[in-house]
There are 2 protein chains.
Amino acid sequence: MTAAATDELEGPRSKRRMILEAAVDHFGEVGFEHTKWATVAKDVGIGQTALYHYFESKTHCLLTIMSAELLQAQQRSRVAVEGISDPEEVLRKAVASAFEVTQREALQARILLSHQDLLVAPRPSEREEAERVRARELVREIEATWAEMLRAGMDAGVFPERDERVLVRLVLGLVNSVWRWYRPKGPQTLQEVSDIVVEACVRLVR
Amino acid sequence: MTAAATDELEGPRSKRRMILEAAVDHFGEVGFEHTKWATVAKDVGIGQTALYHYFESKTHCLLTIMSAELLQAQQRSRVAVEGISDPEEVLRKAVASAFEVTQREALQARILLSHQDLLVAPRPSEREEAERVRARELVREIEATWAEMLRAGMDAGVFPERDERVLVRLVLGLVNSVWRWYRPKGPQTLQEVSDIVVEACVRLVR
């Protein structure tokens, strides 16, 4: 069972979900390094021992947030393109789905972007390593889904022929880089950013 | 005097430069978190007390690597576009300059990308904070230089009219995202990656 499925069963008020939400708020706003693990426990109103039951370390929690974000991103893009066959429209919907997020999901996306290097090297602890492996698999799945999408457009003669595995990295690199600079109170709304990035990705692929 | 200028005076064999090089190798290959500060001292053949003379912490060293990389990137792009007036050619040369790097500089670029969130919040120590502020100023300078470049192309009617401050972030986001996945022994050479990204940036801007 996936962590997200566990969450569903635990319901929206589950401690696990509350810990993840509090952690996203803190990691996203003051940064992972600056967040004290005890602060998250206090926010949720549980002791450090109870916290340990859910996450054995701050890094374990971070890795869980990262794989949750990857799973949600994958699901968002799948739902967004359902029933659409025109390759350019599929691309537009998939890119736009990355920005159909709540403020907390936007923080989560920024956390993923900022800590992606954590996924490179094996973790010393078993639970951290399991979550890291899960996140890496999701990255691969997402890249494969998007590569198929681009390949279909190339095979249909809508997009020019290019190496879709490289192109997909450029498209996702562009889309994800937004979380570096987007701020809720910045000069562009998330909808405006979305529109700009959708057009940019179409130019990139066409 | 800037840190880079200090380096020049200290010469290529200076301890400071040796520490930075050893740190880039370790941070870039096994990751910042996994690198023991003592390992860097040992590599360079100095004690921890001597190391402290140059960098008060591993994070101070990381921030110094980041601002050094930003300064070099800014200089590389400036030199690359010197004497060129055609806006598209300027863009091509500037993008290509990001990939005219040694293997160690590629690691350095990856380190910068992976730790960019460090630049967001003030540092508790004075020396770390000075380096962070320097890095942030360089990010702003780089964005301003590239924005001017794009604006000149728009004013000349070569690039379509767009908000150059947003476009510059997309272009730099795309260029920098390469360091996430490029590996020296990967399927594409750095020259091939450079050619692909140059063409991608031209499509993005045109």
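Our subject is the structure that appears above.
Since we're looking at a predicted model, the values are computed, not measured.

*Asks:* Residues and numbers for the relation of the copies chain B and chain A, please.
*Replies:* For the pair chain B and chain A, the relating rotation is 180 degrees, the translation along its axis is 0.0 Å, and the fit reaches an RMSD of 0.0 Å. Overall, the copies show the geometry of a two-fold rotation axis. Relative to the rotation axis, the C-alpha of Leu174 of chain B is the closest in chain B, positioned 2.4 Å from it. Most of the interface of chain B is mirrored in chain A: 100% of its interface residues are interface residues there too.

*Asks:* Explain the packing of helix α6 (residues 87-97) of chain B against helix α8 (residues 126-155) of chain B to me, using residue names and the numbers behind them.
*Replies:* Each pair of packed helices can be described by the angle between their axes along with the distance between the axes. All names here are of chain B. Contact pair α6 / α8: the axes reach a minimum separation of 9 Å and the direction vectors enclose 155 degrees. Put simply, α6 runs roughly antiparallel to α8. Judged by the sense of rotation from one axis to the other, the crossing of α6 with α8 is left-handed. Of the residues in α8, those in contact with Pro87, Val90, Leu91, Ala94 and Val95 of α6 are Trp146, Met149, Leu150 and Gly153. Of the residues belonging to the contact of α6 with α8, the class tally is eight nonpolar, one polar and no charged.

*Asks:* An account of the packing of aromatic side chains is needed here, citing residue identities and associated values.
*Replies:* Residue and element names in this part refer to chain A. Evaluation of the coordinates by the stated rule reveals six aromatic pairs over all chains. Seen from their ring centres, Phe99 and Trp179 are 5.5 Å apart, and the 35 degrees between their planes marks the pair as tilted. A residue pair is termed long-range when its members are at least 10 positions apart, and Phe99 in the loop between α6 (87-97) and α7 (103-114) and Trp179 in helix α9 (residues 164-181) qualify at 80 residues. Accessibility assignment for this pair places Phe99 and Trp179 in one class, buried. Considering the side-chain rings of Trp179 and Tyr182, the 6.0 Å spacing of their centres and the 85 degrees angle between planes classify their relative orientation as edge-to-face. Put simply, the rings of Phe99, Trp179 and Tyr182 pair up and form one aromatic cluster. Above the plane of the ring of Phe32 lies Lys58, whose end atom (NZ or CZ) is 4.5 Å from the centre.

*Asks:* Before we move on, can you summarise the interface of chain B and chain A with the specific residues and values?
*Replies:* The interface of chain B with chain A comprises 33 residues on the first partner and 33 residues on the second. Across the chain B/chain A interface, buried area totals approximately 2700 Å², and carbon plus sulfur atoms make up 56% of it. Contact with chain A buries area across many residues of chain B, yet Leu170, Trp181 and Arg203 of chain B alone supply 23% of it, more than any other trio. For the pair chain B and chain A, the interface holds two salt bridges. A salt bridge links Glu33 of chain B to Arg123 of chain A; its shortest N-O distance comes to 3.0 Å. Taken together, the links from chain B to chain A amount to eight residue pairs in polar contact (both at pLDDT 80 or more). Within the residue set of the side of chain B that touches chain A, elements represented by two or more residues are α7 (103-114), α9 (164-181) and α10 (190-205) of chain B. Considering each element in turn, the side of chain B that touches chain A owes the most residues, ten residues, to α9 of chain B. Residue composition of the side of chain B that touches chain A, by class: 15 nonpolar, eight polar and ten charged.

About the criteria used
Residues numbered from 1 in each chain as written. Chains lettered and ligands numbered in written order. Predicted model: local features only at pLDDT ≥ 70, side-chain atom pairs only at ≥ 80, totals over all residues. Heavy atoms only, no water. Least-squares fit on C-alpha atoms with pLDDT ≥ 70 in both. Contact = heavy atoms within 4.5 Å. Axes fitted to C-alpha atoms, helices over the stretch in contact; angles between N-to-C directions. Helix = DSSP H or I, 4+ residues; strand = E, 2+ residues; numbered from the N terminus. Parallel < 35°, antiparallel > 145°, perpendicular 65-115°, else oblique. Left-handed = near helix turned anticlockwise from the far one by under 90°. Nonpolar A, V, L, I, M, F, W, Y, C, P; charged D, E, K, R; others polar. Phe/Tyr/Trp six-rings, centres within 6.5 Å; stacked < 30°, edge-to-face > 60°. Buried < 20%, exposed > 50% of the residue type's maximum accessible area, 1.4 Å probe, protein only. Lys NZ or Arg CZ within 6 Å of the ring centre and 35° of its normal. Buried area = accessible area lost by both parts, 1.4 Å probe. Salt bridge = Lys/Arg side-chain N within 4 Å of Asp/Glu carboxyl O. Polar contact = N/O pair within 3.5 Å; in protein donor to acceptor, adjacent residues only side chain to side chain.

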